[in-house]
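# Topology and contacts: notes
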Amino acid sequence: GGCKVLCLLFASQLFDRLGRRPMLLISAFGLAASFGVVSASYSINLNWLSVVGVCGIMGSFSLGFSPLVYVVGTEVFPNRLRAKAMSLA
């Protein structure tokens, strides 16, 4: 849980500086690499490596895909529908 909170705080500071697209790309590449680590850990039977991979997955997801859903969602909908649309999200 602490890893996820730290990555979310870090991501909130970087969104304004880097922009949305680079953060999504960083998140996507981090997710791909972390899933590769998890699959490799199952192949060579290293349990500690799978824990590292899962922490990488949580951190990578928290850097881009997790917080960006709420940022983009508030900008896509018009003001009159924003509250209803975000309550469904």
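Description of the structure in this document. Computed from a prediction, not measured in an experiment: that's the story for all the values here.

### Re helix α3 (residues 47-63)
Between its first and last C-alpha, α3 extends 25 Å over 17 residues, near the 24 Å set by a 1.5 Å rise per residue. Listing the buried residues of α3 in full gives Leu49, Ser50, Gly53, Ile57, Gly59, Ser60, Ser62 and Leu63. The inward-facing, buried residues of α3 abut α1 (2-18), α2 (20-44) and α4 (65-76).

### Here's the deal with the environment of Ile26
With respect to the helices and strands, Ile26 occurs in helix α2. For the pair formed by Ile26 and Phe65, sequence separation is 39 residues and the distance between their alpha carbons is 9.9 Å.

### Digging into a nonpolar patch on the surface
Together, Val71, Val72, Val76, Phe77 and Leu81 give the surface a local cluster of nonpolar side chains, amounting to about 350 Å² of exposed area. When residues of the nonpolar patch are assigned to their parent elements, the largest contribution, three residues, is made by α4. Considering the arrangement of structural elements, one finds Val71 in helix α4. Val71 gets classed as partly exposed once you look at its relative accessible area, which sits at 30%.

### Regarding the nonpolar core
Nonpolar side chains in soluble globular proteins generally cluster together in the buried interior. Among the nonpolar cores identified, the biggest contains seven residues, and these are Cys7, Ala11, Leu14, Phe15, Met23, Leu63 and Leu68. Per element, the largest residue contribution to this core is four residues, and it comes from α1. Setting aside its immediate chain neighbours within four residues, Leu68 contacts Phe15, Arg20 and Leu24.

### Points about the packing of α1 against α2
Taken N-terminus to C-terminus, the directions of α1 and α2 make an angle of 130°; their axes are 7 Å apart at the nearest point. Considering their axes alone, α1 and α2 lie oblique with respect to each other. Here Ala11, Leu14, Phe15 and Leu18 of α1 come into contact with α2, specifically with Pro22, Met23 and Ile26. Grouping the constituent residues of the contact of α1 with α2 by class yields seven nonpolar, no polar and no charged.

### Regarding the environment of Phe65
Mapping Phe65 onto the fold places it in helix α4. Not counting residues up to four positions away in its chain, the partners in contact with Phe65 are Leu24, Ser27, Ala28 and Leu31.

### Things to note about α2
Helical geometry note: an α-helix holds 3.6 residues per turn, so side chains three or four residues apart project in the same direction. End to end, α2 covers 36 Å across 25 residues, agreeing with the expected 36 Å (1.5 Å per residue, within 8%). When α2 is considered as a whole, its buried residues turn out to be Met23, Ser27, Gly30, Leu31, Ser34, Val38 and Ser41. Along its buried surface, α2 packs onto α1, α3 and α4. The first or second residue beyond α2 is Asn45, which carries a positive phi of 60°.

Here is what the cut-offs are and how they apply
Residues numbered from 1 in each chain as written. Predicted model: local features only at pLDDT ≥ 70, side-chain atom pairs only at ≥ 80, totals over all residues. Heavy atoms only, no water. Helix = DSSP H or I, 4+ residues; strand = E, 2+ residues; numbered from the N terminus. Expected span 1.5 Å × (residues − 1). Buried < 20%, exposed > 50% of the residue type's maximum accessible area, 1.4 Å probe, protein only. Contact = heavy atoms within 4.5 Å. Patch = residues over 30% accessible without salt bridge, like charges linked within 9 Å, V, L, I, M, F, W, Y side chains within 5 Å. Areas by Shrake-Rupley, 256 points an atom, 1.4 Å probe, with all protein chains shown as cover. Salt bridge = Lys/Arg side-chain N within 4 Å of Asp/Glu carboxyl O. Core = buried A, V, L, I, M, F, W, Y, C linked by side-chain atoms within 4.5 Å. Axes fitted to C-alpha atoms, helices over the stretch in contact; angles between N-to-C directions. Parallel < 35°, antiparallel > 145°, perpendicular 65-115°, else oblique. Nonpolar A, V, L, I, M, F, W, Y, C, P; charged D, E, K, R; others polar.

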